[in-house]
Amino acid sequence: MFFSKYSASGNDFIITHIFGAQKHAFDKLAQRICNRHQGVGADGLIILKPHLEYDFEWEFYNCDGSVAQMCGNGSRAAAMYAYHLGIAGVKQRFLTLAGVIDATIENEEVESALSGVKILQENICEFGNTWVLIDTGVPHLVCEKKGELGKEDLRFLRHKYNANVNIASIEQDRVIARTFERGVEDETLACGTGMAAMFYYLFYAGKIPNPCLFNPASKEDLYLREYQQRLYLKGKVHKICDFVFS
């Protein structure tokens with residue numbers, strides 16, 4: 001099969017597309033191809049499929065083979081892939097398990113509009129912090145930084161709440177973002193839906209402007225904004241390579 005690898009804000013994805021209505025699970029392939037020691041290596045595998053109403057629909061697999069409803073940076077990478085291959089234009093609408101995503105391409109940048117936001121639980125007390133559980137396509141446990149938390153603490157919270165775990169730190173004109181992701185089971189260089197959850201939490205608490213600059217562990221710039229109750233994330237997307245995997 002022919003694949004491409006893309007990076008968006010430090011998250012890397014392996015992407016391909018199929019024709020027709022094939023019914024096939026790609027979980028085992030995701031485990032093999034995303035393995036960083038015995039495969040190509042990536043945070044996730046994205047399969048684009050044709051759709052009668054939208055530009056395409058996707059299946060998203062975490063690197064452990066589990067299916068994710070949504071991935072913010074993955075949506076931006078998928079949009080750029082679809083544009084490069086002529087599957088869709090500079091303005092796109094595509095279907096995910098979390099709903100319809102709108103994406104706009106401008107030069108090297110892609111902006112995705114997420115399908116919606118839900119507050120699942122508030123006033124969660126863990127490790128001396130107050131957390132909020134927010135769904136931005138997938139569930140995220142979010143707090144503003146108060147002291148350091150180790151990776152084992154984040155892993156504990158990830159399993160207790162079955163959610164990604166995010167810590168936001170406001171520094172001058174930007175937010176520094178840290179995320180421990182389900183499916184990857186480790187801290188990642190970035191998480192688009194995680195930064196969207198952090199933006200939502202901080203913006204409605206009156207602590208950051210709209211739009212606001214975010215820097216994940218990759219140090220790449222990602223801009224978050226809210227417009228008419230939808231969250232938008234915008235940043236650069238880089239194509240890394242094409243390859244054949246068997």
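See the structure shown above.
Residues numbered from 1 in each chain as written. Predicted model: local features only at pLDDT ≥ 70, side-chain atom pairs only at ≥ 80, totals over all residues. Heavy atoms only, no water.

Draft legend 1. Spatial organisation of the packing of aromatic side chains. With the rule as written, the count across this model stands at 12 aromatic pairs. Geometrically, the ring pair formed by Y6 and Y81 is edge-to-face, given 6.0 Å between the ring centres and 80° between the ring planes. Within this pair, whereas Y6 is found in strand β1 (residues 2-8), its partner Y81 is found in helix α2 (residues 72-84), the two being separated by 75 residues in sequence. Across this residue pair, the class does not change: Y6 and Y81 are buried. Each ring, one from F203 and one from Y204, has its centre 5.1 Å from the other, and the planes form 75°; the classification is edge-to-face. Y204 gets classed as partly exposed once you look at its relative accessible area, which sits at 48%. One aromatic cluster in this structure is built from F13, F56, W58, F60 and F94. For R225, the ring lying beneath its charged end belongs to Y232, and the centroid distance is 4.1 Å. (Phe/Tyr/Trp six-rings, centres within 6.5 Å; stacked < 30°, edge-to-face > 60°. Helix = DSSP H or I, 4+ residues; strand = E, 2+ residues; numbered from the N terminus. Buried < 20%, exposed > 50% of the residue type's maximum accessible area, 1.4 Å probe, protein only. Lys NZ or Arg CZ within 6 Å of the ring centre and 35° of its normal.)

Draft legend 2. Representation of the nonpolar core in the model. Of all hydrophobic cores here, the largest spans 47 residues; its most connected members are I15, I46, L48, W58, M195, F214 and L224. Looking at this core, the element that brings in the most residues is helix α4 (residues 192-204), giving seven residues. Apart from residues no more than four positions distant in its own chain, L224 is found in contact with M195, A196, F199, N210, P211, C212, F214, Y232 and L233. Judged by nonpolar contacts, the second largest core, of 16 residues, contains I14, I47, Y61 and C63. (Core = buried A, V, L, I, M, F, W, Y, C linked by side-chain atoms within 4.5 Å. Contact = heavy atoms within 4.5 Å.)

Draft legend 3. Summary view of the pattern of salt bridges. Across all of its chains, the model carries 21 salt bridges by this definition. Residue K236 is joined to E108 by a salt bridge in which the shortest nitrogen-to-oxygen separation is 3.9 Å. Of this pair, K236 sits in strand β16 (residues 230-244) while E108 sits in the loop between β6 (99-106) and β7 (109-113), placing them 128 residues apart in sequence. Residue classification places E108 among the partly exposed residues on the basis of a relative accessible area of 46%. Residues joined in a network through salt bridges with shared partners are K5, D12, R36 and D43. (Salt bridge = Lys/Arg side-chain N within 4 Å of Asp/Glu carboxyl O.)

Draft legend 4. Molecular detail of unusual backbone geometry. In this structure, the amide linkage connecting N210 to the following residue, P211, adopts the cis form with an omega of 5°. With respect to the secondary-structure elements, P211 resides in the loop between α4 and β14 (212-215). Even without glycine at this site, N107 takes up a positive phi of about 60°. Topologically, N107 is positioned in the loop between β6 and β7. The exposed category is assigned to N107, whose relative accessible area is 71%. In this model, N123 sits at a positive phi of 55°, which is unusual for a non-glycine residue.

Draft legend 5. Representation of helix α1 (residues 27-34). Along α1, the positions that sit buried rather than exposed are L29, A30, I33 and C34. On an axial view of α1, the arc spanned by its buried residues comes to 105°, and they lie on one face. At its buried positions, α1 is contacted by β1, β2 (11-17), β3 (44-49), β4 (56-62) and β16. (Arc of directions from axis to C-beta.)

Draft legend 6. Expanded view of the pairing of strand β12 (residues 174-181). Here strand β11 (residues 164-171) runs beside β12; their pairing, made up of seven bridges, is antiparallel. Following the sheet pairing, N166 is matched in β12 by T179. In textbook terms, the turn of a hairpin is the stretch between consecutive antiparallel strands, and for β11 and β12 this stretch comprises two residues, one of which, Q172, has a positive phi near 55°. Relative to β14, β12 runs parallel, the two being bridged by three bridges. Bridge pairing in β14 places I176 opposite N215. (Pairing = 2+ DSSP bridges.)

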